[in-house]
Amino acid sequence: MKDIARQGMSIKVESMDMLNIQIKMEAHASATYLAMASWCDQNGFFTSAKFFHKQAEEEREHMMKIFNFLIDAGGSPISPEITNINHDYASIVDVFESTLDHEIAVTKSIHAIVLKSREVGDIATERFLDWFVMEQVEEENTIRDILDMISVTGTEGVGLQMIDDHVGNWIE
Amino acid sequence: MKAIYKSQFYALFQSQQERCFYIDFGQKTVRASFCQLLALRQKVLSIEIEDHFDSDLNQHGFELLQLCNKEHLFILNTHEVLDLKQLIQNGFVQLGISSTEEILMA
Ligand SMILES: [Fe+2]
C-alpha cells in the first residue's frame, strides 16, 4: 500500500495536536505580556512597559515558529482563540512574579511535548523543540534576575522607580 | 481502493490512483484529500461529546458537521459522533501517522 498519509505529513498527529495547543499558549503569553505593558504604562513604569512590549512580540514570534513548522511538516496549524487575559495586578512585583509563573507553565508544556514526541517516536518534533527548551531556560533566567534585582533594590521610597530604570538592562 | 478502517456506521478508504481518501457515511460517500482528512479529524475530535448530556449546552444532542470546505453538511446524533471519532482515531493509526496507544484509549 502506498503511504499517502505519511507522504502528506512528516510528523505524528499527536505531536501536531500538542503543537497546536502550544501555539495557543504562546499567543496567550503574547496577549498577557501586552496586558502587562498596558498596566506598566498606566502605573508609571515606562521602562517595564517597553520590556513587556518586547516580550509580547517575542511570544508572537514563538507562536509563528511553531505555526510554520506545522506547515513545513504538512500538518494543519490552527489560528488560536485567545480569551481570559488578566489586566489586574497588585504591584510591579506582582507583574514580574506572574511572568515567572507564566514562563514556568510554558516550560512544563514544552517539556511535556518533548516527552510525548519521544514516546511516539517523532524525532523531527523532538529536535524542533530543542530551540524552545533552551529559550525557556533563558526566559526563566531573565525574569529570575529581575526578581532578584527587585528584592535587592527594595520597594520603599524611590525603590520602585529604581526598579523600573534597572529593567532597562534586560531590554536588548 | 483499499479499506483502511470500518467502524459501526462508517468506513475509511484510500485510493492509490487518485491519491485521496473516501469516507463512506452510509447515505453518501465523501472524497477527501489528505489535508481535508486532517481538517475533518480536527473538527470531529474537537466535538465536546459531554455537551450532548447537558440539555443547556446541546439541547437536542445533534451535531452539525461541515466537511471539505463547506461542500458537505451532515447532521449527526450522539452515537454517530462517537462512532465517527472512533473511525478517525483508529483510521489515523492504520494510516501510520498516529501512535498505536490511541487505539487502546479509544
Ligand atoms: Fe514563548
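For clarity, every value in this text was computed on a predicted model and none was experimentally measured.

Regarding its fold elements, chain B presents 3 helices and 6 strands. Over its C-alpha atoms chain B spans a radius of gyration of 14 Å, differing by no more than 12% from the 13 Å that the globule rule assigns to 106 residues. Projected onto the principal axes, the alpha-carbon positions of chain B cover approximately 45 × 35 × 20 Å. Taking all 106 residues of chain B together, 46% fall into the buried category. The long-range fraction of contacts in chain B, counting pairs at least 24 apart against all pairs at least 6 apart in sequence, stands at 41%. With an accessible surface of roughly 6000 Å², chain B has 49% of that area assigned to carbon and sulfur atoms.

Along the chain, the position of Thr32 of chain A falls in helix H2 (residues 13–42). A polar contact is formed between the side chain of Thr32 of chain A and the backbone oxygen of His28 of chain A, at a distance of 2.8 Å.

Residue and element names in this part refer to chain B. Sheet topology note: the strand E1 (residues 2–6)/strand E2 (residues 11–15) ladder contains 4 bridges and is antiparallel. The partner of Lys6 across the bridge, within E2, is Ala11. Turn length for the E1-E2 hairpin, with the two strands adjacent in sequence and antiparallel, is 4 residues.

This next bit is on the coordination of the iron ion. All names here are of chain A. Looking at the iron ion, one finds its protein donor set to be Glu26 (OE), Glu59 (OE) and His62 (ND1), positioned 2.1 to 2.2 Å from the metal centre. Site description for the iron ion: donor spacing in sequence, E-x32-E-x2-H. Placement of the pair is Glu59 and His62 together in helix H3 (residues 46–72), with a separation of 3 residues, close to one helical turn. His62 shares its class with Glu59; the two are buried.

The subject of this paragraph is the layout of surface pockets. Taken as a whole, the largest pocket holds about 620 Å³ of empty space. Lining the largest pocket we find 21 residues, and of these Asp17, Asn20 and Ile21 of chain A together with Gln42 and Ser46 of chain B sit closest to its centre. A total of 7 residues in the lining of the largest pocket trace back to one element, the largest contributor, which is H2 of chain A. There is about 160 Å³ of room inside the second largest pocket. Around the second largest pocket, the lining residues are Phe51, Lys54, Gln55, Glu58, Glu135, Glu138, Glu139, Thr142, Ile143, Trp170 and Glu172 of chain A. Among the secondary structure elements, those contributing two or more residues to the lining of the second largest pocket are H3 and helix H6 (130–153) of chain A.

Further remarks concern the pairing of strand E5 (residues 62–67) of chain B. All names here are of chain B. What you see with E5 is a clean split: Glu63, Leu65 and Leu67 sit on the buried side and Phe62, Leu64 and Gln66 on the side with no burial. The pairing of E5 with strand E6 (residues 72–77) spans 6 bridges and is antiparallel. Following the sheet pairing, Leu65 is matched in E6 by Phe74. In sequence, E5 turns back onto E6 through a hairpin of 4 residues, with Cys68 there showing a positive phi of about 50°.

Here we come to the interface of chain B and chain A. Counting from both sides, the interface comprises 20 residues of chain B and, opposite them, 22 residues of chain A. With both chains or domains summed, chain B and chain A bury close to 1800 Å², and 58% of this area falls on carbon and sulfur atoms. In terms of surface lost to chain A, no three residues of chain B exceed Arg19, Arg41 and Ile97 of chain B, which account for 30% of the buried area on that side. The tally of links between chain B and chain A comes to 1 salt bridge. Among the salt bridges present, the one from Asp17 of chain A reaches Arg41 of chain B, with a minimum N-O distance of 2.5 Å. In this structure, the connection of chain B to chain A is made through 4 residue pairs in polar contact (both at pLDDT 80 or more). Every element with two or more residues in the side of chain B that touches chain A is listed here: E1, E2, strand E3 (20–24), helix H1 (34–45) and helix H3 (101–105) of chain B. Take the side of chain B that touches chain A: its biggest share by element is 4 residues, from H1 of chain B. In terms of residue class, the side of chain B that touches chain A is built from 8 nonpolar, 7 polar and 5 charged.

Residues and elements named next belong to chain B. With 93% of its residues at a pLDDT of 70 or more, chain B shows a mean pLDDT of 87. In this model, residues 102–106 is a region of pLDDT below 50 whose contacts with residues beyond four sequence positions or in other chains number 9 contacts. Predicted complex, confidence summary: ipTM 0.80, pTM 0.88.

Parameters at a glance
- Throughout, residues of each chain are indexed from 1 in the direction in which the sequence is written.
- Labels are handed out in written order, letters beginning with A for the chains and numbers beginning with 1 for the ligands.
- For a predicted model such as this one, the threshold for reporting local features is a pLDDT of at least 70, and the threshold for listing and counting side-chain atom pairs is 80 or more; totals across whole chains, interfaces and linings nevertheless cover every residue.
- Processing note: side-chain calculations cover all non-hydrogen atoms of the structure and skip hydrogens and water entirely.
- Only DSSP runs of H or I covering at least 4 residues are called helices, and only runs of E covering at least 2 are called strands; the numbering of each starts at the N terminus.
- Atoms counted for the radius of gyration: C-alpha only. Globule rule: 2.2 Å times the number of residues to the power 0.38.
- A simple rule labels every residue: compare its accessible area, found with a 1.4 Å probe on the protein chains alone, to the largest value its type can have, and call it buried under 20%, exposed over 50%, or partly exposed in between.
- In what follows, residue pairs with any heavy atoms lying within 4.5 Å of each other are defined as contacts.
- Only the protein chains shown count as cover for residues, with accessible areas throughout obtained via the Shrake-Rupley method and a probe of 1.4 Å.
- Pairing of N or O atoms within 3.5 Å defines a polar contact, subject to two protein rules: one partner must be a possible hydrogen donor and the other a possible acceptor, and residues neighboring in sequence count only if both atoms are side-chain atoms.
- By this definition, two strands are paired if DSSP reports at least two bridges between them.
- Only N, O and S atoms count as donors, using a 2.8 Å cut-off from the metal and 3.2 Å for Na, K and Ca, and because water is excluded some sites may appear unfinished.
- Buried and open spaces are told apart on a 1 Å grid over the protein atoms alone, a cavity being a set of points where a 1.4 Å probe fits but cannot get out and a pocket being an open set with protein on both sides within 12 Å along at least five of seven lines. Residues with an atom within 4 Å of a point are the lining residues.
- Grid points are joined across faces, edges and corners, and a volume is the space filled by probe spheres set on the points.
- When two parts are brought into contact, each loses some accessible area as probed by a 1.4 Å sphere; the total of that loss over both is the buried area.
- What makes a salt bridge here is a side-chain nitrogen of Lys or Arg within 4 Å of a carboxyl oxygen of Asp or Glu, nothing more.
- Residues are sorted three ways: Asp, Glu, Lys and Arg are charged, Ala, Val, Leu, Ile, Met, Phe, Trp, Tyr, Cys and Pro are nonpolar, and all the rest, Gly among them, are polar.
- The quantity known as pLDDT measures the predictor's confidence residue by residue, on a range of 0 to 100.

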